[in-house]
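Fold and geometry: a report
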Amino acid sequence: MKRRLLAAALAVCLALLMPTSALAADKPASTDYWLDMSAEEARQMLDAVADGSEARYIVFIYYDAATLPNPIQSQFYRFANQQKCILYNYYTGDGGSLADALAPLFGGAAPTAMPAAVTYNPSTKTCMVRDNVRQLEVVGDTGNGINGLRNLMQENGVTDGSTVSPDVPVIPPVDPDDPELPSYPNNSTSIPNVHPYAWEVLRLVNQRRMGMGLQPLSVFTELQQAANIRAVELYTYCEHTRPDGSNFATVFTQLGITLTSAAENIASGQHDAADVMDSWLNSSGHRANIENPNKTHLGVGYYYNSDHPHRFASNWVQNFIAASNCSFSGMKLSKASIAGEPGTDLETLLAEADIEVTANCYRHGLSSLPLIAAMCSGYDVDANEDQTLTVTYGGQTAMLTITGAQTGPDNPDNPDNPDNPDNPDNPDNPDNPDNPDNPDNPDNPDNPDNPDNPDNPDNPDNPDNPDNPDNPDNPDNPDNPDNPDNPDNPVPPVVTPPTRPVTPSKPSTSTPTETPKPEENKTPEPSVPSVEPSVPSTPPETVPNPTPVPFTDIHSGDWFYESVDYVWKHNLMSGVSSAEFSPYETTSRAMIWTILARLHSVSTDSGAVWYEQGMQWAMQQGISDGTNPTESITREQLATMLWRDAGSPSSTDGLSRFSDSGTVSSYAQTAMSWAVANGIMQGSDGMLAPGGTATRAETAAMIARYAQYAG
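Residues numbered from 1 in each chain as written. Predicted model: local features only at pLDDT ≥ 70, side-chain atom pairs only at ≥ 80, totals over all residues. Heavy atoms only, no water.

Notes on the sheet that holds strand 11 (residues 314–322)
For sheets, the rule is that strands pair by backbone hydrogen bonds, running either parallel or antiparallel. In spatial order, the strands read 9-11-10; together these 3 strands make up an open sheet with antiparallel pairing. Of all strands in the sheet, those with a lone pairing partner are strand 9 (261–268) and strand 10 (297–304), marking the two edges. Across this sheet, the average inter-strand angle for adjacent strands is 15 degrees, counted without regard to direction. Taken together, the 8 bridges between strand 9 and strand 11 define a ladder with antiparallel strand orientation. Bridge pairing in strand 11 links isoleucine 266 to valine 317. Relative to the sheet, helix 7 (residues 196–211) contacts strand 10 and strand 11, its axis offset from that of strand 10 by approximately 145 degrees. Strands in contact with helix 10 (residues 273–281) are strand 9 and strand 11; relative to strand 11, the strand with the most contacts, it is inclined by about 60 degrees. (Pairing = 2+ DSSP bridges. Helix = DSSP H or I, 4+ residues; strand = E, 2+ residues; numbered from the N terminus. Axes fitted to C-alpha atoms, helices over the stretch in contact; angles between N-to-C directions. Contact = heavy atoms within 4.5 Å.)

Dropping the structure here:
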């Protein structure tokens, strides 16, 4: 609340100082989150950033008239107000150029391409700048020099945007004995007050990272204390901003933690470690923090209180940090030997053994993490003898012995031992289907399915068997009155006329389709965990939905209004809630499968996951390979799926009129050409942005155009 009041006050002051030209119709008005600056205010701020005296967190956008429609109005202005992220901005049409003030921050020369962005982190005294910031977010290397605003914000640790107060609050040191801080006995780790849930989150994070070829993360005492403090703070104020208005990173300063960069993930309401990890991994920004190759340590905080005044009882936090010279020595394992069982997956074996790995970090002292399979080498899952594994972490190694002989196949208690009477393969086991005494054994004479059982209707000696020659109903029985050979049967034998041969049908053929190029990882910084955008769970009705668009974030003046109205009324897309459509959120690949399936009247209301039916349909139709369902779809991937659904038509329409046509992937060239030629995809400001993620608004527009194209 304090932050919002300060933002509102500053916005009012800036509005009073704003020159008349700033009120032009084509320039967005200053709000609580889109804060206009005068030339004098901007110069003072830029000078303070240059000499390191600026105390505020800064995200500043410098733009001209040419960039007003896009990206200023279409992306940045809406992002600031919808995400409640404060962005300072200066329009050259208000007070002229600030090139001289910007030059020191841009290496001595003024930015060459608008808009330009300046970010400043007072915690680390770091200024990062970019020019040609034409997109809210850029995925991968587009090769066209275009930069993303959110990418820059995350890189400099200012993902929450600017602060309006020039003073960073002074917070008293934290008392380690504060009764409000959680205290958890945990025999798994040498680090105090690590909740078992937090220890499991650390294990799951490292499994994810090492599966991608990244180094695992460890926790040390002060970082765990910081995470526990933040978890308690989330109990009363579930934001990255702390209850006193300061940035989350101030907790590291209080505890004297040395670092060069930090990031935070938060969540509220998840039930256990797997639940919260699923939420974080299904959010691109949270996932980017987990998969950041530059981080070395992670503290996980968990705090539960059933009297939560905000929303949920369970509160979670991940605090990631990196520091220079985080080298390790003195690696040890909490157990040098554990009992194994041949055939057991190593990850399962280690999770049950719960082994702690410790090492001394040059910067942060004793550090701890759970041992996982990816840290081990030399394991043979089928070995019956003892085996020694090499464990590696931070350039250090240690040995782990797994004893497996006592649980080998000769152990009478081993359920796989064929002499174990409980082994289902033991011929003496009464449940063994090969046991002659088993009533289900087909050779058991008492089994009704045994052909020798006189009660089996298929037994030729069974008088009820229709093939039994003594059965009076057997047509071959000479005493059967219907037998044509029976002299008492007056009916002559029936002769079946010959049939005309049938020409066999031609076998069907199918042509394999091209697999889309996987999209690159993207790196926005989140503030709260996102939820996969929902789509309706019922197939489209034959009669369009008569209900008007109910979403409060969709307005009749929006360029995408008619498209959202179309997909809503035809039951192809719904909102992320009953009141919000979230047009600027990204769209997942699974959503496109589901939408296209419903466009073809395929029911998608069953399956183990919400997108299963759509995924199966898309794979059967050759539209997608079904991989990466929760990944955000790029514009060229979306065009390719629509093109395949249309039958992969040829297209020679050139894309050269778009300045970024050279960035279209080879697999998507024809699809993008077709989409442009048929008005399904339209560029913006002479660009196609093929590798950019497709927002829900863009998806609605392309789906609506495609549906009308397909008739």
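There is more to say, and it comes next.
A word on the packing of aromatic side chains
Enumeration over the complete set of coordinates arrives at 18 aromatic pairs. With a centroid separation of 4.9 Å and 50 degrees between ring planes, the pair formed by phenylalanine 328 and tyrosine 393 is classed as tilted. With phenylalanine 328 in strand 12 (residues 328–333) and tyrosine 393 in strand 17 (residues 387–393), this residue pair connects regions lying 65 residues apart in the sequence. Each member of the pair phenylalanine 328 and tyrosine 393 is classed as buried. (Phe/Tyr/Trp six-rings, centres within 6.5 Å; stacked < 30°, edge-to-face > 60°. Buried < 20%, exposed > 50% of the residue type's maximum accessible area, 1.4 Å probe, protein only.)

A look at the nonpolar core
In terms of nonpolar packing, the biggest core is built from 48 residues, with Val201, Leu350 and Leu371 touching the most fellow members. Discounting residues that sit within four places of it in the chain, leucine 350 has contacts with Arg203, Ile338, Ile355, Leu371, Ile372, Ala373, Cys376 and Leu400. Core analysis: the second largest hydrophobic core is formed by 47 residues, Ala618, Leu638, Val676 and Leu688 among them. (Core = buried A, V, L, I, M, F, W, Y, C linked by side-chain atoms within 4.5 Å.)

Quick word on the pairing of strand 17
The alternating pattern of strand 17 places Gln387, Leu389, Val391 and Tyr393 on a buried face, while none of Thr388, Thr390 and Thr392, on the opposite face, is buried. Sheet topology places strand 17 next to strand 18 (residues 396–403); 7 bridges connect them, and they run antiparallel. When the bridges of strand 18 are listed, leucine 389 appears paired with leucine 400. Connecting strand 17 to the next strand, strand 18, in antiparallel fashion are 2 residues, including glycine 394 with a positive phi near 55 degrees.

A few points about the packing of helix 14 (residues 589–599) against helix 18 (residues 696–710)
Working note: a packed helix pair is described by the angle between its axes plus the distance between those axes. With their axes 12 Å apart at the nearest point, helix 14 and helix 18 run at an angle of 25 degrees to one another. Classified by the angle their axes make, helix 14 and helix 18 are roughly parallel. You can see that helix 14 and helix 18 cross each other, and the crossing is right-handed. Contacts from Met591, Ile592, Ile595, Leu596 and Leu599 in helix 14 reach Arg696, Thr699, Ile703, Tyr706 and Ala707 in helix 18. Here the contact of helix 14 with helix 18 is composed, by residue class, of 8 nonpolar, 1 polar and 1 charged. (Parallel < 35°, antiparallel > 145°, perpendicular 65-115°, else oblique. Left-handed = near helix turned anticlockwise from the far one by under 90°. Nonpolar A, V, L, I, M, F, W, Y, C, P; charged D, E, K, R; others polar.)

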